[in-house]
Amino acid sequence: MPKTHHIAALAALAVGLLAAPVMAADAAAPAAAGKENPVVARVNGQEIHRSDVLRELQLMGPQAEKMPMQMLYPELLQKMIATKIVAAKGYEEKLQNDPQAKSELKDAEAQIVAQLYVHKAVQPKINEAKLKERYDQLAAKFKPEDEVRASHILFTGTDAEKDATDAIKQLKGGADFAKLAQEKSKDTGSSKQGGDLGYFTHDVMVKEFADAAFAMKPGEISDKPVKSSFGYHVIKVVDKRKSAPPPIAEVHDQIANQLGQEMTADLIKSLEAKAKVEKFNIDGTPMKTADSKGGDVAKP
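Notes on the structure in this doc start here. Being a predicted model, the structure only gives us computed values, none of them experimental.

1. Observations regarding the overall build of the protein
Within the protein, the secondary structure is distributed over 11 helices and eight strands. When contacts within the protein are restricted to residue pairs at least 6 apart in sequence, those whose partners lie at least 24 apart make up 66%. Of the accessible surface of the protein, which amounts to about 20100 Å², a share of 56% is contributed by carbon and sulfur atoms.

2. Some thoughts on the side chain of S222
By the secondary structure assignment, S222 is in the loop between α10 (207-215) and β5 (226-228). Assessed through its relative accessible area of 6%, S222 is described here as buried. Once you skip the residues sitting within four places of it in the chain, S222 turns out to touch I168, K172, M216, H233, V234 and I235.

3. Notes on the sheet that holds strand β3 (residues 146-155)
Strand order across the open sheet formed by four strands is β4-β3-β6-β5, with antiparallel pairing between neighbours. Two strands in the sheet have a free side with no partner beyond their single neighbour: β4 (196-200) and β5. Each strand axis lies, on average, 40° off the axis of its neighbour in the sheet, ignoring direction. Two elements, β3 and strand β6 (residues 231-242), share 10 bridges in a ladder whose sense is antiparallel. Within β6, the position partnered with L154 by the bridge is H233. This element, helix α7 (residues 160-172), spans β3 and β6 of the sheet and lies at about 50° to β6.

4. Digging into the nonpolar core
If you look at the biggest cluster of nonpolar residues, it comprises 16 residues, and the most contacted ones within it are V148, F200, M205, F209, A213 and I235. Going through the elements one at a time, β3, β4, α10 and β6 are the ones with two or more residues in this core. A per-element tally of this core places α10 first, with five residues. Grouped together as the second largest cluster of nonpolar side chains are 13 residues, F155, L180, I221 and V234 included.

5. Focus on the packing of aromatic side chains
Under the defined criterion, the tally for this structure stands at two aromatic pairs. Plain terms: the ring middles of F200 and F209 are 6.2 Å apart, the flat faces sit at 55° to each other, and that makes the pair tilted. Aromatic pair F200 and F214: ring centres 6.2 Å apart, planes at 70°, arrangement edge-to-face. In this pair, F200 is assigned in strand β4 and F214 in helix α10, connecting sequence segments 14 residues apart. Each member of the pair, F200 as well as F214, is classed as buried. When the ring centre of Y199 is taken as origin, the NZ or CZ atom of R241, which lies over that ring, is 3.6 Å away.

6. With respect to the pairing of strand β2 (residues 46-49)
Relative to β2, strand β1 (residues 39-43) runs antiparallel, the two being bridged by four bridges. Directly across from R42, in β2, lies its bridge partner E47. Counting the residues that bridge the hairpin from β1 to β2 gives two residues, and of these N44 lies at a positive phi of roughly 50°.

7. Here we look at the pattern of salt bridges
This model, assessed by the stated rule, comprises 13 salt bridges. Residue E109 is joined to K106 by a salt bridge in which the shortest nitrogen-to-oxygen separation is 3.3 Å. A residue pair is termed a helical-turn pair when its members lie 3 or 4 positions apart in one helix, as E109 and K106 do in helix α5 (residues 99-122) at three residues. The class for E109 is partly exposed, based on a relative accessible area of 43%.

8. Quick notes on the environment of S228
The topology assignment puts S228 in strand β5. Distance from S228 to E208, taken between C-alpha atoms, is 5.9 Å for residues 20 residues apart in sequence. Residues in contact with S228, not counting those within four places in the same chain, are V206, E208 and H233.

Reading guide: rules and limits
- Residues numbered from 1 in each chain as written.
- Predicted model: local features only at pLDDT ≥ 70, side-chain atom pairs only at ≥ 80, totals over all residues.
- Heavy atoms only, no water.
- Helix = DSSP H or I, 4+ residues; strand = E, 2+ residues; numbered from the N terminus.
- Contact = heavy atoms within 4.5 Å.
- Areas by Shrake-Rupley, 256 points an atom, 1.4 Å probe, with all protein chains shown as cover.
- Buried < 20%, exposed > 50% of the residue type's maximum accessible area, 1.4 Å probe, protein only.
- Pairing = 2+ DSSP bridges.
- Axes fitted to C-alpha atoms, helices over the stretch in contact; angles between N-to-C directions.
- Core = buried A, V, L, I, M, F, W, Y, C linked by side-chain atoms within 4.5 Å.
- Phe/Tyr/Trp six-rings, centres within 6.5 Å; stacked < 30°, edge-to-face > 60°.
- Lys NZ or Arg CZ within 6 Å of the ring centre and 35° of its normal.
- Salt bridge = Lys/Arg side-chain N within 4 Å of Asp/Glu carboxyl O.

Structural data, given as structure tokens:
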């Protein structure tokens, strides 16, 4: 049984990637109305389009983008409808002219302009040649590990060891492992796949299970139940191999994200080097910076 969720090969290959995504190309400009961008709601005659919902979804961050749209859509659409209704009342009271509204709109405009500038400056530089070069660099650092593909049947409860021993006798007598796993295993996740746990390295499984599985040969079934903190396991080793980097197609977007973040950081650094920047403490006093000798000096 895993100590945590299975660690994907992607995590080993692309370690260190930051979470924030590179801005999608279609987010740089509003989508045109039409068949591909239908109206999804009307509020007092004002239309909300599919592209509006997708843009709102993007603002919610990468975690939201991973969730099924059908799960988020009703609540997201209702939020957008409510915003239009309430905003209409605010406009009736001319709150768009309120100093706070103007200040916050200016801040929001600056954020959007900055994002668009970064997108236009960075996105064209991310090409397939650079992606392949980075992939090759990461793949060269990949260290193959021994992997085992195994299936198991988990037994729990007061009679778990006895039940596991009985199952081993049935399997040695010719019973079908997958069928028995579907019928008997208390691991509801793997039992649906006939007990199949897929390929895994030694470190992602609890020690007792991993030690037993890695000591067996392909095709072997454990001679006795293997006890772990989860219960008693009957193990069948299906295959052994060395791990390999995932194909570039599987990590294409993550590598593009990594390159985009690095290029964005370099762009900001180069712009800052040319800008006159003065920093002050929260109380308005000059902020101290380290001088070349390691002392603290106040910026003039």
